[in-house]
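So the chains spell out like this:
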Amino acid sequence: QVQLVESGGGLVQAGGSLRLSCAASGSILRIGTMGWFRQAPGKQRELVARITSAGSTNYADSVKGRFFISRDNAKNTVYLQMNSLKPEDIAVYYCSATLWSIATMTPDNYWGQGTQVTVSS
């Protein structure tokens, strides 16, 4: 069974920083693209950033220059460094990964449980 477990959310003042982590565990054969999405109250879930297994990245325009995604393939972990946080960044942040499990041997998309990020103005 594969799991994605996020950590690192919380409350921070505007202008502050947080670092989110997401670790994939279970019977994993290979991990492809990993990413972070967020969903604010009353809004649709949106892509924040993603990173391929080779390290190529892309970001939502709203976070470019403030958020940075990285991964540690040896630890099956993806990170999101969030700097200069704004009240409009308030959302539940979800980790996502496309991975091949030993059970299915096919690429499937997995989601974490979400972690709340709150920014006080």
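Quick look at the structure, then. These numbers were taken from a predicted model, which means no experiment stands behind them.

Scanning the chain from terminus to terminus reveals zero helices and 11 strands. In terms of C-alpha radius of gyration, the chain reaches 14 Å, essentially the compact-globule figure of 14 Å for 121 residues. In terms of principal-axis extent, the alpha carbons of the chain reach across some 45 × 25 × 25 Å. A burial count over the chain gives 41% of its 121 residues as buried. For the chain, restricting intrachain contacts to residue pairs at least 6 apart in sequence, the fraction spanning at least 24 positions comes to 56%. Side chains of the chain carry 11 positive and 7 negative charges; the gap between the two charge centres is 3 Å.

On to the packing of aromatic side chains, then. All told, the structure shown has one aromatic pair when counted by the stated rule. The ring of Tyr94 has Arg45 sitting right over it, with the charged end atom 3.7 Å from the ring centre. One residue, Arg45, lies across the ring of Trp111, its end atom 4.7 Å from the ring centre.

Pairing is possible between side chains that carry opposite charge, provided their charged atoms lie close to one another. All told, the structure shown has four salt bridges when counted by the stated rule. Its salt-bridge partner being Asp89, residue Arg38 comes within 3.0 Å of it at the nearest N-O pair. Of this pair, Arg38 sits in strand 4 (residues 28-39) while Asp89 sits in the loop between strand 8 (77-82) and strand 9 (91-101), placing them 51 residues apart in sequence. The class for Asp89 is buried, based on a relative accessible area of 0%. In this structure, the salt-bridge partner of Arg66 is Asp89, at a minimum N-O distance of 2.8 Å.

By the secondary structure assignment, Ser96 is in strand 9. At 3.2 Å, the side chain of Ser96 forms a polar contact with the side chain of Asn109. For Ser96, the residues in contact, after removing those within four places along its chain, are Leu4, Thr33, Met34, Gly35, Phe37, Asn109, Tyr110 and Trp111.

Along the polypeptide, Ser25 turns up in strand 3 (residues 18-25). By relative accessible area, Ser25 is classed as partly exposed at 34%. Separated by 24 residues in the primary sequence, Ser25 and Gln1 place their C-alpha atoms 8.2 Å from one another. Leave out the neighbours within four places in its chain, and Ser25 touches Gln1, Val2 and Gln3.

This part covers the sheet that holds strand 3. Strands sit in the order 1-3-8-7 across an open sheet of four strands; the sheet is antiparallel. Of all the strands in the sheet, the pair left with one neighbour each is strand 1 (3-7) and strand 7 (67-72). Geometrically, the sheet is characterised by an average inter-axis angle of 15° between neighbouring strands, direction not taken into account. Two strands pair when backbone bridges link them, and strand 1 and strand 3 are joined in this way by five bridges, in the antiparallel orientation. Considered in strand 3, the bridge of Leu4 is made with Ala24.

About the cut-offs
- Residues numbered from 1 in each chain as written.
- Predicted model: local features only at pLDDT ≥ 70, side-chain atom pairs only at ≥ 80, totals over all residues.
- Heavy atoms only, no water.
- Helix = DSSP H or I, 4+ residues; strand = E, 2+ residues; numbered from the N terminus.
- Rg over C-alpha atoms; globule rule 2.2 N^0.38 Å.
- Buried < 20%, exposed > 50% of the residue type's maximum accessible area, 1.4 Å probe, protein only.
- Contact = heavy atoms within 4.5 Å.
- Lys, Arg positive; Asp, Glu negative; His and termini not counted.
- Charge placed at Lys NZ, Arg CZ, Asp CG, Glu CD.
- Phe/Tyr/Trp six-rings, centres within 6.5 Å; stacked < 30°, edge-to-face > 60°.
- Lys NZ or Arg CZ within 6 Å of the ring centre and 35° of its normal.
- Salt bridge = Lys/Arg side-chain N within 4 Å of Asp/Glu carboxyl O.
- Polar contact = N/O pair within 3.5 Å; in protein donor to acceptor, adjacent residues only side chain to side chain.
- Pairing = 2+ DSSP bridges.
- Axes fitted to C-alpha atoms, helices over the stretch in contact; angles between N-to-C directions.

Remember that the coordinates give geometry; whether it matters functionally is a separate question.
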